[in-house]
Amino acid sequence: MRAENIMTIKKHYAILRVEKIKTFADLRAVGQHNTRAIPAATVSGAAPPVERLRLTGPFDQRAKSIFKKLNVKFKKNQIIAVEVLLSASPEWWAQASNFQKKEWIESTEKFLHEKFGKGLISISYHTDESTPHIQAVALPLYYRAAEKCGQKPIKPESVAKRQLEEANAPKIWRLSYDELLGGKRDRLSELQTQYHSFVAHLGLERGEITLGKGTRHKPLKQFEKELKQKERDLEAWQESLAGDQAFLTHEEAKLRDQIYNFRHEERDVDARRQAL
């Protein structure tokens, strides 16, 4: 690789992937992986993941506590939670400033809180793998206000009174993946667009919209495998770049020596001319 390739500018993308969690046993296992209770293949000497929420305990117990607190009703075999991986292209992390990285964390957290609210049970910031990322786990919760029975009012004052009563009525919380994230083909694409709007100011692009092009969503495990390969490619590129930098530094030193020798010879020639 030489200077013309060094100057190539690649786009940096916002990354979001979602994986469904169907059982409390799977939810507990996800928590053990994300908190490193189960050892994982991580960067030697790196800091462990940082939990950004104040919740503690196994993830399945966190979920059951929220279900109980909000009196959430759900059916057997429902999707009980989702794991969301959020990151950016490895190349972006390689050149981002500390301020940009902090801004990315805060913007990503804001997106997660706005999207999942009371359903969030973990926001874990990982720097112990090659590419920093956030792995969030959330319960797909939504609520409906309890509606008053009886005939709907017609008079404006009665309508206003009914609206006020319904606004102050207890919230009925429900669990539904389709309501929050599914139900139609483009919901995941919409979610990716929503997330991008929170981090676009950091120079991150929204990935190509593939809806209707026959492209299928990649499972999270497959995406993580491909991301690790990209990380290895980036490391190789950085090594090549370091070699190019060493080459340019060497050439610069040679040029400086040539300039020095030329000026030295030029002074000798001037001195001989004055002696004639």
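Residues numbered from 1 in each chain as written. Predicted model: local features only at pLDDT ≥ 70, side-chain atom pairs only at ≥ 80, totals over all residues. Heavy atoms only, no water.

Visitor: Explain the side chain of R206 to me, please; I cannot follow it from the model alone.
Guide: Tracing the backbone shows R206 in the loop between α8 (187-199) and α9 (220-275). With a relative accessible area of 18%, R206 lands in the buried category. Within the local environment of R206, its side chain forms a polar contact with the side chain of T193, the two groups lying 3.2 Å apart. (Helix = DSSP H or I, 4+ residues; strand = E, 2+ residues; numbered from the N terminus. Buried < 20%, exposed > 50% of the residue type's maximum accessible area, 1.4 Å probe, protein only. Polar contact = N/O pair within 3.5 Å; in protein donor to acceptor, adjacent residues only side chain to side chain.)

Visitor: What is the right way to look at the nonpolar core in this model?
Guide: If you look at soluble globular proteins, the nonpolar side chains tend to sit buried side by side. Formed by 32 residues in total, the largest nonpolar core has its most connected members in L86, W104, L112, F116 and I134. At the level of elements, β1 (14-21), β3 (81-88), α4 (90-95), α5 (98-116), β4 (120-126), β5 (133-138), α7 (177-180) and α8 are the ones that each hand at least two residues to this core. Among the elements that take part in this core, α5 stands out by supplying five residues, more than any other. Ignoring sequence-local partners within four residues, the contact set of W104 consists of L86, S87, W92, W93, Y125, H133, I134, Y195, V199, L202 and L204. Judged by nonpolar contacts, the second largest core, of 17 residues, contains I21, A81, L139 and L175. (Core = buried A, V, L, I, M, F, W, Y, C linked by side-chain atoms within 4.5 Å. Contact = heavy atoms within 4.5 Å.)

Visitor: Help me understand the environment of D178 in this model?
Guide: For D178, the position within the fold is in helix α7. By relative accessible area, D178 is classed as partly exposed at 48%. Residues D178 and P140, 38 residues apart in the sequence, show an inter-C-alpha distance of 8.5 Å.

Visitor: Whenever I open this one, α8 confuses me. Can you help?
Guide: Note that an α-helix has 3.6 residues per turn; residues three or four places apart therefore point the same way. Taking 1.5 Å of rise per residue, the 13 residues of α8 would be expected to cover 18 Å, and the 19 Å separating its terminal C-alpha atoms lies within 8% of that figure. Turning to α8, the residues buried within the fold contact β1, β3, α5 and α7. (Expected span 1.5 Å × (residues − 1).)

Visitor: In this structure, what is going on with unusual backbone geometry? I would like to understand it.
Guide: Glycine aside, the phi torsion of most residues is negative, and most peptide linkages are trans. Of note in this structure, R36 is not a glycine but carries a positive phi near 65°. Here R36 is to be found in the loop between α2 (24-34) and β2 (50-51). Even without being a glycine, N71 presents a positive backbone phi close to 55°. Relative to the helices and strands, N71 is located in the loop between α3 (59-70) and β3.

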